[in-house]
Amino acid sequence: MKVLIYIGSSTLSLLEEIGRMFLFLLQAIAWIFRPPFRPARILNQLYFIGFKTTFVVTLTAIFTGMVLALQGYYSLRKFGAEGLLGSAVALGMIRELGPVLGSLMVTARSGSAMTAEIGIMRITEQIDAMETMAVNPIQYLIAPKIVAGVMAVPLLVAIFDIVGIFGGYLVGVKLLGVSSGSFWSSIESEVGWSDVYGGFLKSISFGLIVTWVCCYKGFYTEMSAEGLGKATTQGVVLSSVLILVWDYFLTSVLL
Amino acid sequence: MITMRGVEKGFGQQEVLRGVDLEIPPGQLTTIIGPSGEGKSVLLKHMIGLLKPDRGEVWVDGVEISRLRGPSLDKVRKRFAMLFQSAALFDSMNVFDNVAFPLREKRLASESKVPRMVNDMLERVGLGEMGHKFPAELSGGMKKRAGLARALVVGPEIILFDEPTTGLDPLMARTIHNLIRSMHQVFGFTAIMVSHQVPDIFPISDWVAMLKHGKIIAMARSRDFQGLTDPVVREFVLAGEMPGPSSVEGPGQN
Ligand SMILES: Nc1ncnc2c1ncn2[C@@H]1O[C@H](COP(=O)(O)OP(=O)(O)OP(=O)(O)O)[C@@H](O)[C@H]1O
Ligand SMILES: [Mg+2]
């Protein structure tokens, strides 16, 4: 009986949490389209989410591309198809690794910082203070972050893709001796617009997931330092998991 | 006029407010005193709709605000300003931008007038040269004064002060009390102040109320309050007046 009550109540609180999360997202999106508009805050967040993450994204991208070329080369060589290395690297990058790894880096770098920033504002009563001034904190704090996330993540993913392919080129062509001509021509003949479009769709939705989940966790932080730590961890873990789950669904629809 | 009727509020198992009945006279300065942790801050937050009562009503000039949300609550809030106990300055902005924030966001002044209004107010609270500093670079007392400037600058009808002088040296505390008093006399706003500074608050307040065990146990004109015979009130009032550590032993000594 106790077990049943436990299962029942935790299911209810899970449902409640999910409901609250969607309500939060809907509110934030609704506030994007209501005046006053604050373009300066969006630019500020673009800098914060986008520019400041560029370095780690570049770094992870080049190594991802390099290892992809290394792995791909040894698999392809078994079939004597080293010439297709370029397209293998490019397709892997554009369709899967760029969006997923790029967004995971954004989560680790900017998502956690976002949760912490908003969480601190919550526990030091800054959000309450804003409310007493009749400024809606969801509009002022959250909406610009979501807009900036949806804009910045696709751009970062584009950088990730390009740098990653370049990393693949370095290893494949310069190190392993695949001919430069076949590397690029296989990319040109195998990579289509639908691949690019699919990756773009993924990265937009991942940008939404990161900002949404991380802002939500910060906004409803429990009022203690412990609560803040918990919120930051939960934000990063939940958005990473959601990115991977959503990636599977999108891929199965897009394929 | 702000009226609270039978306001009850708890957090989890803990009951904090157990039926608060309170009428705040308009245009006057009312001070709420009471022991630490009794719920004075919680009480103040109910007046501006930051907390919702579990039971009871909160009226602001004929509007019951405890059930309001969104734009209709914002409309009421536009008449208020609040100084938080923690000051609650925005970390990401310097002192100048903090004080300018409500002016800009409520569009109370054109951008060209903002610097003069802000600097003027910073001057009054003794932070004339501090506009460029960030909250993390200020002492506790300086944060309080910056928070005070942010509340006063909008010229609201009703101001809530949560312990405006706690943590300040006695001289600065007196300066701030006098500032609140003189601003109150000039602008005639309704002020509700929470404070421990007994007896300093008596000369500057019009009314004094005491919160204890989750209820308002006494409210009187300031000059009459010290004469109240209720033992709990007397103990609290006298503890503040008597010097030295023996003061905690209460009225018996007097
Ligand atoms: N958001 C909250 N969640 C849970 N408990 C709270 C919350 N706010 C206040 N409390 C509890 O309510 C009680 C009253 O708190 P409050 O801050 O109003 O006291 P206070 O009278 O202002 O004390 P002080 O003079 O020390 O500021 C405390 O026990 C506090 O733990
Ligand atoms: Mg308090």
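Look up: the structure comes first, before these words.
Residues numbered from 1 in each chain as written. Chains lettered and ligands numbered in written order. Predicted model: local features only at pLDDT ≥ 70, side-chain atom pairs only at ≥ 80, totals over all residues. Heavy atoms only, no water.

Q: Which parts of the structure should I look at to understand the interface of chain B and chain A?
A: How big an interface is tends to be expressed through the accessible area that disappears when the partners come together. The interface of chain B with chain A comprises 20 residues on the first partner and 16 residues on the second. Between chain B and chain A lies a buried interface of about 1600 Å² when both sides are counted; carbon and sulfur atoms form 59% of it. Sorting the residues of chain B by area buried against chain A places F90(B), F101(B) and E105(B) first, and these three jointly supply 27% of that buried surface. On the surface where chain B and chain A come into contact, there are three salt bridges. With a shortest N-O distance of 3.4 Å, E131(A) and R77(B) are connected by a salt bridge. (Contact = heavy atoms within 4.5 Å. Buried area = accessible area lost by both parts, 1.4 Å probe. Salt bridge = Lys/Arg side-chain N within 4 Å of Asp/Glu carboxyl O.)

Q: Sorry, what's going on with unusual backbone geometry here?
A: Note: most residues except glycine have negative phi, and most peptide bonds are trans. Residues P35(A) and P36(A) are joined by a peptide bond in cis, for which omega reads 0 degrees. Along the chain, P36(A) falls in the loop between helix 1 (2-32) and helix 2 (39-50). In this structure, P199(B) follows V198(B) across a cis peptide bond, with omega equal to 5 degrees. By the secondary structure assignment, P199(B) is in the loop between strand 8 (190-194) and helix 7 (201-204). Phi at E125(A) is positive, roughly 65 degrees, even though this residue is not glycine. The topology assignment puts E125(A) in the loop between helix 4 (85-123) and helix 5 (126-132). (Helix = DSSP H or I, 4+ residues; strand = E, 2+ residues; numbered from the N terminus.)

Q: Could you clarify how one ought to interpret the packing of aromatic side chains in this entry?
A: Here the distance between the centres and the angle between the planes together describe a pair of aromatic rings. Residue and element names in this part refer to chain A. Tallied over the entire structure, the rule returns 16 aromatic pairs over all chains. Where F183 meets W184, the ring centres are 5.2 Å apart and the plane angle is 85 degrees; that geometry is what we call edge-to-face. Since its relative accessible area comes to 37%, W184 is described here as partly exposed. Taken together through their ring pairs, the aromatic side chains of F24, Y216, F219 and Y220 make up a single cluster. Geometry around Y220 places R20 over its ring, the cationic atom sitting 4.4 Å from the centre. A cation over an aromatic ring shows up here: R122 above the ring of F219, its NZ or CZ 4.8 Å from the ring centre. (Phe/Tyr/Trp six-rings, centres within 6.5 Å; stacked < 30°, edge-to-face > 60°. Buried < 20%, exposed > 50% of the residue type's maximum accessible area, 1.4 Å probe, protein only. Lys NZ or Arg CZ within 6 Å of the ring centre and 35° of its normal.)

Q: Just to check I follow, could you spell out the side chain of T3(B) for this structure?
A: Turning to its location among the elements, T3(B) is positioned in strand 1 (residues 2-11). Discounting chain neighbours no more than four positions away, the residues touching T3(B) are L22(B), E23(B), E57(B), V58(B) and W59(B).

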